[in-house]
Structure formats: C-alpha cells, structure tokens
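# Structural overview
The chain contents come next:
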Amino acid sequence: MQKLVIPYGEHPSQYGILRLPEGTGPFPVAVMIHGGNWQMMYGLECIELAAQDLAKRGLATWNIEYRRVGERGGGWPGTFVDAAAAVRFLRPLAKKYPLDLKRVVLLGHSAGGQLALWLSSRGRLARPDALGEPLGLELLGCVGLAAVSDLRRLWELDQELETSLAEDLLGGSPEAYPERYQLASPLELLPMPVPQVLFHGEDDMDIPPDFSAAYCRKAAGLGMKAALRLLPGMDHFLLVEPAGRSWEEICQAVRQLTGA
C-alpha cells in the first residue's frame, strides 16, 4: 500500500492523505471526511484507521483535512470551501495516480457526515454560490456515519445542552443567518442526485439517531434513494472503528456504491 501526504491548497490544513492499494488500478475512490464538531482540536487522524482498512480492501482513499473552527479561515465559509476543493482536487490527482473518477464515493462521520451529505448536493450546482464552485465531478454515492444531517436541529440541541456548535460553524443562529443554514444543512438541500446510505447507532448520545431517521424519511418522501441502517447497541464513535461489529456492513455499503 502506498501512502502520500498531498496539499490541495496553501493553508497548513488544506491537505489530504492518499492511499493506493496494491495493484495497478485504476481504483475506485472513497473520500474520507472526519468529524470532531468542525473544531480545530480534531483532525483527520480520527478516521485514519478506517481509511487504512478500506485501502486494504482495494479502494483508494483520500482522507481530507480542512480548515476548522478555531483556526484562520475555519467555519463559515472556509470549512465548506475546503471540503469541496479537496474533492475537486481528485482531478489533478488522477492525472498522476491510478484513480477511477467514474467511481467516487464519499464517507463522512459526524460533522464530517454533514460535509459529505452537503457535498452530495453540489453535483447539481450549475454555477458558483456563496460556498464556491460546482464540484465538476460526478459522485456515485455517499455514506453518512452518525451524520449531522440537520443544522437547525443541531442549533436546537445546542440550546438544550448550552453548547454552540452550530453557531460556531455558521457564525450565528438560524434567525440571524437563515441563508447560511439553507445553504449548509443537508436536510434543507433534499432531494439530492446521489444515492446515500446512513448508519446510526441506536445508543448514540452525541448525535441522536432521530437526525438520520428524519433525514431519510424526508428523502424517501421526495423520491430519493436514501437507506437508513439503525445499529442496536452502537454509540457515536464505534462506527469508524474497523474492529467495530458494524464495520463490515459499512464497508459493504461503500463497495456496493462504487460497484467494486
């Protein structure tokens, strides 16, 4: 397996780790997006073991870092701009490495799940908006693990818990910045042109499973392909552990979306 650390921009957090499986390729690609509340104290190491395992299974993995809340340019709009730029950077990468850009899927956990679901909507973008350019890349699917699929609901949860994750990311409340919540919250961007599979632990105390359940209900009502897998006895963090008992099912979903 080959591991390469490659910048896609000039900021120290604008880089990714590309892993290439054994063989000649071209390989299907899983873009890995870590969670951690969009906060700078959490980085791509949170999802590294999962990226390594998928590469062992024959997928190229592009584990991306991005500017986060607490560092220069993080939050609105830099976090979103970076996530999209990292995905667009697959095009120059494919000129040098054996990547099959016709078989690209996204996999995101928690806050990274929000970014993955949000990126799923960018394929239909015809022109730039407040969060940047269209992806210019067709995606085959998206897997969300305990994804923060509704930023307005997160803001409400923040009020209950006396936290400020949504406001830290978007700069204020839904009342103060309704357009930001509209542009960034996956639930408000439905339907999307990309099939999605959402996994959520029934014992998740960080992001309640009703986030994913409500998202999939709305998606299904709009005729979109969105499957929900509720996992008994699973908490928030076990979903990205290759040793976790649901990891095989998650890997199978990723491989099915790529056609691997």
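### Points about a negative patch on the surface
A contiguous patch of negative charge on the surface is contributed by E202, D203, D206 and D235. With respect to the helices and strands, E202 occurs in the loop between β7 (196-201) and α8 (210-221). Residue E202 is classed as partly exposed on the basis of its relative accessible area, which comes to 41%.

### Brief notes about the sheet that holds strand β3 (residues 27-33)
The strand order β1-β2-β4-β3-β5-β6-β7-β8 describes an open sheet built from eight strands, whose pairing is mixed. The open sheet has two edge strands with one neighbour each: β1 (2-7) and β8 (226-231). When strand polarity is set aside, the average angle formed by the axes of neighbouring strands in this sheet is 20°. With six bridges connecting them, β3 and strand β5 (residues 99-109) associate as parallel partners. Following the sheet pairing, A30 is matched in β5 by V105.

### Description of the packing of helix α2 (residues 78-88) against helix α4 (residues 111-120)
Running from N to C, α2 and α4 point in directions that differ by 65°, and their axes come no closer than 11 Å. Regarding α2 and α4, the two cross each other, and that crossing is right-handed. Facing T79, F80, A83, A84 and V87 of α2, the residues of α4 in contact are Q114, L115, W118 and L119. Of the residues assigned to the contact of α2 with α4, the class counts are seven nonpolar, two polar and no charged.

### As for the environment of L198
Within the element layout of this structure, L198 appears in strand β7. On the accessibility criterion, L198 (0% relative accessible area) is buried. It is 24 Å that separates the C-alpha atoms of L198 and V81, two residues lying 117 residues apart in sequence. Leaving out residues up to four positions away in the same chain, L198 has contacts with L117, G144, S212, Y215, C216, A227, L228 and R229.

Reading guide: rules and limits
- Residues numbered from 1 in each chain as written.
- Predicted model: local features only at pLDDT ≥ 70, side-chain atom pairs only at ≥ 80, totals over all residues.
- Heavy atoms only, no water.
- Patch = residues over 30% accessible without salt bridge, like charges linked within 9 Å, V, L, I, M, F, W, Y side chains within 5 Å.
- Areas by Shrake-Rupley, 256 points an atom, 1.4 Å probe, with all protein chains shown as cover.
- Salt bridge = Lys/Arg side-chain N within 4 Å of Asp/Glu carboxyl O.
- Lys, Arg positive; Asp, Glu negative; His and termini not counted.
- Charge placed at Lys NZ, Arg CZ, Asp CG, Glu CD.
- Helix = DSSP H or I, 4+ residues; strand = E, 2+ residues; numbered from the N terminus.
- Buried < 20%, exposed > 50% of the residue type's maximum accessible area, 1.4 Å probe, protein only.
- Pairing = 2+ DSSP bridges.
- Axes fitted to C-alpha atoms, helices over the stretch in contact; angles between N-to-C directions.
- Left-handed = near helix turned anticlockwise from the far one by under 90°.
- Contact = heavy atoms within 4.5 Å.
- Nonpolar A, V, L, I, M, F, W, Y, C, P; charged D, E, K, R; others polar.

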